[in-house]
Amino acid sequence: MRRRNRESGLTIVELSLTTTILITLIWLMTTLSMTAVRSEDYAKRISKATEACDDILNTMKRSLESSVFIVQLNALGLSYAGLLQNLVTERIIGVHFPTVDENGIFEKEAAPHTKTGNSLVFAEHYRTDRFTCSSGNTYRIPIYRFQAWYLVEAKPKSPIKDYGGFNLSMWISEPMADGIRLDKIADPNDLLEVVQHLGDATPDAEGVTHKPVRLVWKIGGDPAVTGTFRYIDSAVLPCLFDFASVAAIKINHDPTSSQLDLLNFRGLGISPNSAPPQAGIAAFSQIDTSGDGFPHGFEIQITGPASSREVLLRLSIVDYAPGKELLFYRLHVVATTRQGVTS
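Per chain, the residues get numbers from 1 upward, laid out in the order the sequence is written. Confidence filtering applies because this is a predicted model: local features only for residues at pLDDT of at least 70, side-chain atom pairs given and counted only at 80 or more, and all residues used for totals across whole chains, interfaces and linings. Side-chain measures here rest on the full set of heavy atoms in the structure, leaving out hydrogens and waters.

Colleague: Would you mind showing me how to read the overall build of the protein chain here?
Modeller: Per the convention used, a helix needs a DSSP run of H or I reaching at least four residues, while a strand needs a run of E reaching at least two, with both numbered from the N terminus. Helix and strand counts for the protein chain come out as six helices and twelve strands. Compactness check: the protein chain gives a C-alpha radius of gyration of 29 Å against a globular reference of 20 Å for 343 residues, more than 25% above the reference. When burial is assessed residue by residue, the protein chain has 44% of its 343 residues classed as buried. Two residues qualify as a contact provided that any one of their heavy atoms is within 4.5 Å of a heavy atom in the partner residue. Expressed as a percentage of contacts within the protein chain between residues at least 6 apart in sequence, the contacts between residues at least 24 apart total 70%. Using a 1.4 Å probe, the Shrake-Rupley method yields the accessible areas, and only the shown protein chains count as cover for residues. Counting only carbon and sulfur atoms, one obtains 57% of the accessible surface of the protein chain, whose full area is about 16,800 Å². The atom set for the radius of gyration is the C-alpha atoms, and the globule formula is 2.2 Å times the number of residues raised to the power 0.38. Burial classification: accessible surface area is computed with a 1.4 Å probe over protein chains only, and a residue below 20% of its type maximum counts as buried, one above 50% as exposed, and the rest as partly exposed.

Written as structure tokens, this is what we have:
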């Protein structure tokens, strides 16, 4: 009986070995579980960054494909940029517009700011207003609006700010009527009715009501020249007036269309110049460390003749969360402007 009891038990060595195996199995299961959680988290972050980058670049591309005017780095372009109101909620980071290279290609520039920009301002064909006057004549008036895309300082509570990254803003203006098309309306009574219709936002020929139009613009004209910009006051005849001076011209933003925070609310940001090589900063430009720096993770180049501009748009965005691995995602697209002219 004693022998059988000893044989049915476990020796100390066997017990130790069993315990070691159990501990090892528990450690392996825990490690695999933690690895799976980290992998799932990383996949979610990649998906979030990919979705944001694709969404932003495709929005820019679609708008540029209907653009009629692109601001570039010259005196006229800067004068247009100065007309845009209420651009920021946070501080703007170093605005640099691209310079159009009509006969060039997309390539890395030899020195900073020779052709690449990190801010973009253009006017898009927003819609066409169709209105029938009491005379029976029907007129089609193109309606435009400006878009501005630029870097701003990250929001104070965003973890991206701790890393040194930035936010991206999309500013969209109030609508503007085509001044050249309005000037072609020969009948003064018809012109008055069309202008009042635009200013009062009465239903169009299809019975649809749109936002009021306050500004009238001749595409690409110098704002300092009288008539480039005019304003509509439908309550006072003749309803269409010149601005007293350039200083009086103000292009206001449409808060319902503008998105001044495109990335920080998602926990993402624009990669800074100080990002590691995998962020792919300055693929087409040269880094400039003066001031706020240039280009960071937003690069723009424009090539081609006025009738068909090609615009390169490149983003490098970062997901930075304390205690987690840095995650970068970069992508570029090319938009073709089929009716564009530039400053």
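Colleague: Looking at this model, I keep getting lost on empty space enclosed by the protein. Mind explaining?
Modeller: Here the idea is plain: a probe the size of a water molecule rolls over the atoms and shows the empty space left. Space inside and on the surface of the protein is sampled on a 1 Å grid over the protein atoms alone, with a cavity defined as a set of points where a 1.4 Å probe fits but cannot get out and a pocket as an open set with protein on both sides within 12 Å along at least 5 of 7 lines; lining residues have an atom within 4 Å of a point. Grid points are joined across faces, edges and corners, and a volume is the space filled by probe spheres set on the points. For the structure shown, the criterion picks out one cavity of 30 Å³ or more. Taken as a whole, the largest cavity encloses approximately 50 Å³ of empty space. Around the largest cavity, the lining residues are Arg127, Asp129, His197, Leu198, Ala201, Thr202, Asp204, Val208, Thr209, His210, Lys211 and Val213. Residue assignment for the lining of the largest cavity shows that the elements contributing at least two residues are strand S2 (120-132) and helix H6 (188-200). Residue type decides the class: Asp, Glu, Lys and Arg count as charged, Ala, Val, Leu, Ile, Met, Phe, Trp, Tyr, Cys and Pro as nonpolar, and the leftover types, Gly among them, as polar. Residue composition of the lining of the largest cavity, by class: four nonpolar, four polar and four charged.

Colleague: So what exactly am I meant to see when it comes to the packing of aromatic side chains here?
Modeller: Each aromatic ring pair is specified by the distance between its two centres and by the angle formed by the two planes. Each pair of aromatic rings taken from Phe, Tyr and Trp, with Trp reduced to its six-membered ring, is defined by centres within 6.5 Å and is described as stacked if the planes are under 30 degrees apart, edge-to-face if over 60, and tilted in the remaining cases. Summed over the entire model, instances satisfying the criterion amount to 13 aromatic pairs. On the basis of an interplanar angle of 50° and a centroid distance of 5.2 Å, the ring pair of Phe146 and Trp217 is categorised as tilted. Here Phe146 is found in strand S3 (residues 138-153), whereas its partner Trp217 is found in strand S6 (residues 215-217), with 71 residues between them in sequence. Trp217 shares its class with Phe146; the two are buried. One aromatic cluster is present, built from ring pairs that chain together Phe69, Tyr80, Tyr144, Phe146, Trp217 and Phe229.

Colleague: When you look at unusual backbone geometry in this model, what are you seeing that I'm missing?
Modeller: Excluding glycine, a negative phi dihedral is what most residues carry, and trans is how most peptide bonds are arranged. The residue after Leu237, namely Pro238, is reached through a cis peptide bond having omega 5°. With an omega of 0°, the peptide bond running from Phe294 to Pro295 counts as cis. Note that Pro295 resides in the loop between strand S9 (268-270) and strand S10 (298-303). If you check the backbone angles, Ala201 has positive phi at about 55° while not being a glycine. Within the secondary structure, Ala201 is located in the loop between H6 and S6. Despite not being glycine, Cys239 has its phi angle at roughly 80°, a positive value. The class of Cys239 is buried, set by a relative accessible area of 0%.

Colleague: Where do I start with a nonpolar patch on the surface in this structure?
Modeller: On the surface, Leu17, Ile21, Leu22, Leu25, Trp27 and Leu28 cluster together into a nonpolar patch covering about 600 Å² of accessible area. Given a relative accessible area of 43%, Leu25 falls into the partly exposed group. What goes into a patch is any residue over 30% in relative accessible area without a salt bridge, connected to like charges within 9 Å or, for nonpolar side chains (Val, Leu, Ile, Met, Phe, Trp, Tyr), within 5 Å. Salt bridges are defined by distance alone: a side-chain nitrogen of Lys or Arg within 4 Å of a carboxyl oxygen of Asp or Glu.

Colleague: How do you make sense of the pairing of strand S11 (residues 309-319) when you look at a structure like this?
Modeller: The side chains of a regular strand alternate between both faces of the sheet. Within S11, ten of the eleven residues are buried, leaving the element largely enclosed by the surrounding structure. Two strands qualify as a pair provided DSSP detects at least 2 bridges between them. In this sheet, S11 lies alongside S9 in antiparallel orientation, the contact comprising three bridges. Residue Leu268 lies in a different strand from S11, and its bridge partner there is Asp319. As consecutive antiparallel partners, S10 and S11 are separated by five residues, and within that stretch Gly304 has a phi angle of approximately 100°, a positive value. Sheet analysis places S11 next to strand S12 (residues 327-337), joined by eleven bridges and oriented antiparallel. Bridging across to S12, Leu313 finds its partner in Val333.

Colleague: Help me understand the side chain of Asp288 in this model?
Modeller: Examined against the element boundaries, Asp288 turns out to sit in the loop between S9 and S10. This count recognises Lys and Arg as positive and Asp and Glu as negative, with His and chain-terminal groups excluded. Nearest to the buried, unbridged Asp288 among oppositely charged side chains is Lys108, at 13 Å. We define a polar contact as two N or O atoms separated by no more than 3.5 Å, with the added condition that, inside protein, one atom must be a possible hydrogen donor and the other a possible acceptor, whereas residues neighbouring each other in sequence contribute only through side-chain atom pairs. At 2.7 Å, the side chain of Asp288 and the side chain of Ser290 are in polar contact.

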